[in-house]
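# Structure at a glance
These are the residues of each chain, in order.
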Amino acid sequence: MDEKYDVIVLGTGLKECVLSGLLSVSGKKVLHMDRNSYYGGESASMTPLADLYKHFNKGECPENYKGKDWNVDLIPKFLMANGQLVKLLIHSGVTRYLEFKCIEGSYVYKKGKINKVPSNEKEALSSPLMGMFEKRRFASLLKFCDELDENNPATLKGIDPNQTMRDVFEKYNLDQGTRDFTGHAIALYTEDSYMDKPCLPTLKKIQLYTQSLGRYGKSSYLYPLYGLGELPQGFARLSAIYGGTYMLNKPFEGVTMEGGKVTGVTSEGETAQCDMVIADPSYFPDKVKVVGKVVRCICILNHPVPNTSDAQSTQIIIPQNQVSRNYDIYVSCVSFAHNVAEKGYYIATVSTTVETDDPESELEPAFKLLGPVKEKFLSISDIYEPTDDGSESKIFISSSFDATTHFETTCDDINKLYERIMGEPFDFSKIQSTVDPVDN
C-alpha cells in the first residue's frame, strides 16, 4: 500500500469497473479496492439462491431452490445491441470473456394489454398497437429516422434539428398512444420532458433502436450468460492485464487531503498515495444527495410471462401515461436459457421510480402481467447523485442506478465521469474491433 497510483477506484460496481478498465488501457496506474468480498457492488449477481434469501433477510432458502444454477441480478439491465456499452465491450476486448444471448422481445403496455414494440416498417404495418392509417404514418417516421444522417441536410427532409419532438410528432400526425411507445419503449425516455426539447437527440435514439434490432434480429437487446455479475469481472480482468491491481475485502477508512485535493486512501492503517479517486456513492455519503427512490421486486416464476409467445426472455415497458403516473414501470425477464435459473424457472424484475408512500403498490400494473409468482424479493433504494463534479477535490463519484431496464443511462454517467477525469470525452471512433458479442 506504500506505492503511488494515478487512480484509486473504490467499489466494484459496473461503472467503477468500466472506468478502471478504460483508464488502465489508457496507461493509468490503477488500484481498485472494495470493502466487499464479491464483484458488482449494489448491482451484484447473487449465487447460489440462498445468498439472495440472506440478502433480503427472508430466512432459509427452500430445498427446491438449492441447486447451483442460480445467478440473480439485484439490478437487472439489458444491453442495447448497438449501444454504448456494447461499443465499450468491443473497444476494450472484454467480449473475449463473455457470451451473450439476444432478448427475445420488447413489449409495450397499452390499455391493459402488452404488444410487441414495432421496430421497423414491416412490424409497424402489422402491429395491433395502431390503426391502419396510423401504422403508415408511424412507418414513415421509422424510415425517416433510419435514413437520417445529421451531416447530410437532405436526409432531414425539411425538419429543423432545433424543432421540438412534439413538432415532429405533429408533422407525422401521430396520436398520443403512438407518441407514448415511441418516446418510452423505443427512444427509452423515462418521462416526457423530451417532447419540448430539440428533436435531433430523440431521432438519433429511435435510429439507435432500429439499428440495434437489425444487428442480431428478434429484439434490440442483449444479456450476458450467467448474469450481469460477469460484466464488472470482465472489465476487472481487462484492468489487470494492463497492470491494474485489485483488492477485495479491503475496508475503507477514509482519504487524506492536501490543499483541498485527495492525496491518498487509507485501509487497515495503511495509506496508498494517489492523484484521484473514483468511487460509488456509498463511500462518500457526505458528498452525495438523494434525488429520488427506486422500488424493485425480483419475482421467481415457473412459467414464461403470459402473452409473450412463451419467450424465455423479454422486456416490458409500461409508459407513464397508460397508468396515470409520472414515471414508467419496467419489467425485465430472463430464465434458465441464460444460465441464471434452474431448468423451467424465470426471473422477472419489476421496477419504477417511487412516487407515493406505498411503493410496492406502484408495481401492481406489472404484477398483473406476470401471472402466478412463486417468490418475491422487494427492495426500495435511494438514488444518489454527487453534489459536485470532483474537479477541485479530484474525488469523482458515480450516480446510483435508475429504474430502467437498459444500460443507456448507465453509460451516459460513465461517459460524463470519463470526461471529467480525462478532460475529454471518450472517443468511440477508436473502436475498430470487429469482434461481436454474439456469435450468430
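Located above this text is the structure these notes cover.
Structural notes, computed from the coordinates. (Residues numbered from 1 in each chain as written. Predicted model: local features only at pLDDT ≥ 70, side-chain atom pairs only at ≥ 80, totals over all residues. Heavy atoms only, no water.)

### Looking at the overall build of the chain
Of regular secondary structure, the chain possesses 11 helices and 19 strands. Counting only C-alpha atoms and orienting by the principal axes, one finds that the chain spans roughly 70 × 60 × 45 Å. Excluding contacts between residues fewer than 6 apart, the proportion of contacts in the chain whose partners are at least 24 apart in sequence is 71%. Surface summary for the chain: the accessible area is close to 18,400 Å², and the carbon and sulfur share equals 45%. Of note, the chain has its 47 positive side-chain charges centred 5 Å away from the centre of its 60 negative side-chain charges. (Helix = DSSP H or I, 4+ residues; strand = E, 2+ residues; numbered from the N terminus. Contact = heavy atoms within 4.5 Å. Areas by Shrake-Rupley, 256 points an atom, 1.4 Å probe, with all protein chains shown as cover. Lys, Arg positive; Asp, Glu negative; His and termini not counted. Charge placed at Lys NZ, Arg CZ, Asp CG, Glu CD.)

### A few points about the sheet that holds strand S6 (residues 100-102)
Spatial strand order, S5-S9-S6: three strands in an open sheet with antiparallel pairing. The open sheet terminates on both sides in strands that have one partner only, identified here as strand S5 (79-80) and S6. For S6 and strand S9 (residues 221-224), the ladder comprises three bridges, and the chain directions are antiparallel. Residue pairing across strands places Phe-100 opposite Pro-224, the latter belonging to S9. (Pairing = 2+ DSSP bridges.)

### Focus: helix H1 (residues 14-25)
Counted at 1.5 Å a residue, the expected span for H1 with its 12 residues is 16 Å, and the 17 Å between its end C-alpha atoms agrees. With 11 of 12 residues buried, H1 is to be regarded as a mostly interior element. Of all the positions in H1, only Leu-14, Lys-15, Glu-16, Cys-17, Val-18, Leu-19, Ser-20, Gly-21, Leu-22, Leu-23 and Ser-24 are classed as buried. Positive backbone phi, approximately 100°, marks Gly-27, located one or two places after H1. (Expected span 1.5 Å × (residues − 1). Buried < 20%, exposed > 50% of the residue type's maximum accessible area, 1.4 Å probe, protein only.)

### Here we look at helix H7 (residues 176-186)
Of all 11 residues in H7, 10 are buried; the element is thus mostly enclosed. Looking only at H7, the buried set comprises Gly-177, Thr-178, Arg-179, Asp-180, Phe-181, Thr-182, Gly-183, His-184, Ala-185 and Ile-186. A distance of 3.2 Å separates the backbone nitrogen of Gly-177 from a side-chain oxygen at the start of H7, and that oxygen is part of Asp-175. At the C-terminal side of H7, Leu-188 shows a positive phi close to 65°. (Polar contact = N/O pair within 3.5 Å; in protein donor to acceptor, adjacent residues only side chain to side chain.)

### A look at the sheet that holds strand S15 (residues 314-318)
Spatially, seven strands are ordered S8-S7-S15-S16-S17-S14-S18 in an open sheet, and the strand pairing comes out mixed. The sheet is open, and its two edges are formed by strand S8 (113-116) and strand S18 (375-386), each paired on a single side. Averaged over all adjacent pairs, the angle separating strand axes in this sheet is 25°, with direction ignored. Relative to S8, strand S7 (residues 106-110) is paired through four bridges, and the arrangement is antiparallel. Opposite Val-108, over in S8, you have Asn-115 as the bridge partner. (Axes fitted to C-alpha atoms, helices over the stretch in contact; angles between N-to-C directions.)

These figures come from the coordinates and say nothing about function on their own.
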